[in-house]
Amino acid sequence: MNLSNLPKERLLDAYRTMKTIREFEERIHTENTTGDIAGFLHLSVGQEAIAAGVMSHLTTQDYIASTHRGHGHAIAKGSDVKAMMKEIFGKAGGLCGGKGGSMHIADLEQGMLGANGIVGAGGPLAIGAALTAKLKKSDDVAVCFLGDGASNQGGVFEAMNMSVALGLPVVFIFENNGYGEFTGADFSVGSKDIAGRAAGFGIPTVKVDGTNFFTIADAAGTAIDRVRQGLGPQGVEAFAFRFYGHFEGDPQAYRSKDEIENVRVDSDCLINFRASVAEGNRLEIGELDAIDAEVAILIDEAVAEARAADFPSPDAVLKDVYISY
Amino acid sequence: MAIKTIRQAIGEALRLEMARDEHVFIMGEDVAGGRGGTGVLDAAGGVLGITKDLLEEFGEDRVIDTPISETAILGCAVGAAVSGSRPVAELMFNDFMGVCFDPLLNQAAKFRYMFGGKAETPLVVRTMYGAGIRAAAQHSQTLYHMFTSVPGLKCVCPSNAYDAKGLLIQAIRDNDPVVFLEHKALYDIPGVETPDEAYTIPFGEANFVRDGTDITIVAMGLMVHIASGVAEELAKSGVSVEIVDPRTTSPLDTDSILESVEKTGRLVVMDESAARCGFAHDIAALVADRAFGSLKAPIKTITPPHTPVPFSPALEDAWLPGPEDLVKAITAVMEY
Amino acid sequence: MSDPIKTITVPKWGLTMEEGKVVTWLVAEGETFSSGDELLELETSKIANVVEAQAGGTLRRIVAAPDETLPVGALLGVLAEPDVSDEEIDAFIAGFQESFVLEEKPEDGGAAEPNYADVGGFRIAWNVSGRADNDATPVLFIHGFGGDGNSWLFNLAALSVDHPAYVIDLPGHGKSSKQVDDGSVETLAKTVSGFLDSIDAEKSHLVGHSLGAAIALEIARTNEPRVASLTLVAPAGLGDTINEDFLKGFSEANSRREMKAAMTCLFADKALVTRDLVDETLKSTRIDGAKEALQKIAAACFDGGVQKMHYDEFLANTDLPTLIIVGENDEIVPVPEGHSSHIIKGAGHMPHMEQASEVNDLICTHIARSEN
């Protein structure tokens, strides 16, 4: 797939998506220091290009299964940023009514099967959504986001194997950010080759730079197209870096100071994107600056509205356990 | 209308619902069987033959053989359910839940709640449970108490063919995730009148297997049949036993259990699930909490011992609660 | 009184009864009674009723104790004159028990299957009681809203002595198919007429209950010559109102609790609405399409609490022999005005179940009179 001729509108969309994720996550990082956000937060700063690149090929009919680091996936899939912010603040108007929080943000209307607190749980779920697509005889696909940590989970192995056995329309996107929690992937992935392992299950899988929108969008587009053509499960291993720790508050003692500082300079997908489009005169820098300004306002409003919103009323505790009981 | 066994009733329910709703499909290990072999397809129809012939009728898209891969089976079924299908996944033995609880415990059961009431996960997991056929420790457990304790799951344990058919159809039409447990010793016991048509039995409505006035026995699955035999015998000596079969543990028909105990004033719970934190203890606590004033004697619970299920017939027979245990408990309660 | 020793056995009430459970004896050993006296209460899977004496005598021996469950035909007790010795009675009982055989069951051990007739696209379940070679005018029982042929279980035996007695399940009810087309009384009457055609009944005595009475009236209105007599039990079609809560409650009931609440309106003696009776009823209404059929019929025949069918004028102008029977405590329909009705004490909307023998006597007399 050649993305060199991507229309201007799509380029602007991609940048807006990445920038929105970045601002959303950075702002949560700041807001969290006020103590007004409860619970665990796993930020995806540094991995925005993967979300934007993959989702640029999906419609709302296509499903994604996300991870505990799921804010970016939801934003890229089309979820309402303000409702997401309310959810993270645990407010009644949140995307999940304040019942899920950061780790369980889901948006089924957008085909987003949820962030997931269980590492690797998305694998089997995604092949289920793919099975629905197959039974409907549609050309919809399911995309499963997994980290390098999840790539070691048995359920993911089972999902990969069964997707091939049943010929399901699913794409596995391995976001290899180098660490599962506080342990390096070089240690935990025994073969040090996630793509090779997926290939061993019969899933053609490519390795790409996940910090460059164009390379990840290109690879994901090819994989998704092949799935839509009925060529069976496909995979992409996208390398990127998380700019923050595993969770907010992680002192990151397992990383060198140099690494933490360097990735912000060398591997920032937004910087990479600006450089690429400037090089080919494909966009005016002013257009990107305008998006930056709009996104800043959006996130400001999202935080202000989330802070001002009411907490859920206590009687919500007992609601929505079952549809009928 | 004819006499049907539980085995027949379950097969009939699956066939009727698959014919009624194209979104319904079955998946599991060897639900048809024979794929990749040198023999014929539909070689098995499930380990007990219950799903035999469905392949021919509904095709391979809707009768899905899977690898031996329980996490993927349940997880795939959950993902399919939340995206608009109505899967009936077969987990051959409920013991296998040990390798695949996450899709039920953390996914299906919690979606609706975690996602703020927006998810529907119309999933059925059919699974065999129970001791008595010398299947030993990893194929004989009764785990409904575990599913019952998970909010978001419904849990169904029929004891006869009429209930099995109506409850399975209800389970398939239900929009919440349902674990449907089939006691392996009951599939081929003498059947009962079961309509040929599709019908439903609502969850949370106990069956009064037998009306009585002296003592209430709460029992499910195989234990219902043991209790019925004992009640029949005791009637001759003038003890009038009422047997309440909750049929579903989640939701639970607490009203019927309390109503019965308030009438009889005595309660024995006979349960195969667990010696600790089991279903029997849940019922005993319910009655102690809400009907203490009606009790004429202490509540008795009968469960297997706190051990795995042994293999040797001599040991398994000793392990499984039987009629003598019940007679002893009833006598103690009546003579209190 | 040719035999000195007579038996009291478990009667077969209706077509599906297999066994009965003794609730209580109403006569003590040694007590003398007359024909028609109440001897004991017996409970079936559906409902309890009293067993009446077929002949007078002295109750010499109670064979079946309370709470015992026995198959149809089994010995409950023995009556004989006081001069018959205990030894003779012992010997008689021993002989009876030795020769007693269970009624034959179908091969699969299930309950007797009804017959089915295809009437205008409806699959109609039906049964007949009485001697097959009886060429007397048949009696056809038409049940009411939500019932089935089995609601005549206490009436069939008495009425089938002199006539072949037919019961059907109306469309949408019992074992009949669940489609009801527009659900109107006209459609139902056409179907019942079609059934009469299928059994070549040129003329029949129609016994209808509630909605079934309105159906009988509709048949008579449209084709009077095929009706020999009308018996209208707690009839619909002869009053303005109907208990809307019952119609709604019954046709929408999902749980046992809801169904019990609805069915309680049917009987004067609320204790008759046992859990077993409710469960049996739910077994019918829980079949796919049953509730929808009932709701369709209710919508076609009634407008909320108002009856849409009116047969007062027809009834005032017909010469057909007509008997109207109404329970004193009917909570479903009002007593028809302007027609003479037999008011049955101690009965609600189901007098043919609650006071079966009184109702049976009235119907037998009415039918006999109409034939003279």
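For the structure, check the block above.
Residues numbered from 1 in each chain as written. Chains lettered and ligands numbered in written order. Predicted model: local features only at pLDDT ≥ 70, side-chain atom pairs only at ≥ 80, totals over all residues. Heavy atoms only, no water.

A.B. asks: Account for the overall build of chain C, with residues named and values stated.
C.D. replies: Counting its regular elements, chain C contains eleven helices and 18 strands. Its C-alpha atoms give chain C a radius of gyration of 21 Å, within 12% of the compact-globule value 21 Å for 372 residues. Each principal axis of the C-alpha distribution contributes one length, and for chain C these read about 65 × 50 × 40 Å. Looking at chain C as a whole, 53% of its 372 residues qualify as buried. Sequence-distant contacts in chain C: of pairs separated by 6 or more residues, those separated by 24 or more amount to 67%. In the structure as shown, chain C presents an accessible area of about 15900 Å², 47% of it carried by carbon and sulfur atoms. Looking at charge distribution, chain C has the averaged site of its 28 positive side-chain charges lying 6 Å from that of its 61 negative ones. (Helix = DSSP H or I, 4+ residues; strand = E, 2+ residues; numbered from the N terminus. Rg over C-alpha atoms; globule rule 2.2 N^0.38 Å. Buried < 20%, exposed > 50% of the residue type's maximum accessible area, 1.4 Å probe, protein only. Contact = heavy atoms within 4.5 Å. Areas by Shrake-Rupley, 256 points an atom, 1.4 Å probe, with all protein chains shown as cover. Lys, Arg positive; Asp, Glu negative; His and termini not counted. Charge placed at Lys NZ, Arg CZ, Asp CG, Glu CD.)

A.B. asks: Break down the pattern of salt bridges for me, citing the residues and quoting the values.
C.D. replies: Opposite charge on two side chains permits pairing when their charged atoms draw close. Summed over all chains, the structure comprises 53 salt bridges over all chains. Notably, a salt bridge pairs A:Lys207 with A:Asp193, separated by 2.8 Å at the nearest N-O pair. Here the residue A:Lys207 occupies a position in strand β6 (residues 205–209), and A:Asp193 occupies one in the loop between α7 (185–188) and α8 (194–200), the gap between them amounting to 14 residues. Exposure remark for A:Lys207: the relative accessible area of 45% places this residue in the partly exposed category. Judged by relative accessible area, A:Asp193 falls into the partly exposed class, the value being 24%. A salt bridge links B:Arg35 to B:Glu60, with the shortest nitrogen-to-oxygen separation between them at 3.5 Å. Here the residue B:Arg35 occupies a position in the loop between β2 (24–28) and α2 (54–58), and B:Glu60 occupies one in the loop between α2 and β3 (63–65), the gap between them amounting to 25 residues. A network of salt bridges, in which partner residues are shared, links A:Arg27, A:Glu31, A:Asp36, A:Asp300 and A:Arg307. (Salt bridge = Lys/Arg side-chain N within 4 Å of Asp/Glu carboxyl O.)

A.B. asks: Could you give me a rundown of the interface of chain C and chain B, with the residues and numbers involved?
C.D. replies: By a frequent convention, interface size equals the accessible area lost on bringing the separate parts together. In this complex, chain C contributes 18 residues to the contact, which on the side of chain B involves 25 residues. For the pair chain C and chain B, the summed buried surface comes to about 1700 Å²; carbon and sulfur atoms form 37% of the total. Counting across the chain C and chain B interface gives five salt bridges. Summed over the shared surface of chain C and chain B, the number is seven residue pairs in polar contact (both at pLDDT 80 or more). Secondary structure elements with two or more residues in the side of chain C that touches chain B: α6 (256–264) and α7 (275–285) of chain C. Considering every element that reaches the side of chain C that touches chain B, the biggest residue donor is α7(C), with five residues. (Buried area = accessible area lost by both parts, 1.4 Å probe. Polar contact = N/O pair within 3.5 Å; in protein donor to acceptor, adjacent residues only side chain to side chain.)

A.B. asks: Tell me about the packing of aromatic side chains, residues and numbers included.
C.D. replies: By the definition in use, this model includes 25 aromatic pairs over all chains. Aromatic pair B:Tyr162 and B:Tyr199: ring centres 4.7 Å apart, planes at 15°, arrangement stacked. Here B:Tyr162, found in helix α6 (residues 161–173), pairs with B:Tyr199, found in the loop between β8 (192–194) and β9 (207–210); they are 37 residues apart in sequence, far enough to count as distant. Classification of B:Tyr162 as buried rests on a relative accessible area of 9%. The buried category is assigned to B:Tyr199, whose relative accessible area is 0%. Here the aromatic cluster, defined as three or more aromatic residues joined through ring pairs, consists of A:Tyr15, A:Phe213, A:Phe214 and A:Phe273. Between the NZ or CZ atom of A:Lys91 and the centre of the ring of A:Phe311, over which it lies, the distance is 4.7 Å. Above the face of the B:Phe208 ring, C:Arg275 is positioned so that its terminal group lies 3.3 Å from the ring centre. (Phe/Tyr/Trp six-rings, centres within 6.5 Å; stacked < 30°, edge-to-face > 60°. Lys NZ or Arg CZ within 6 Å of the ring centre and 35° of its normal.)

None of this, on its own, says anything about what the molecule does.
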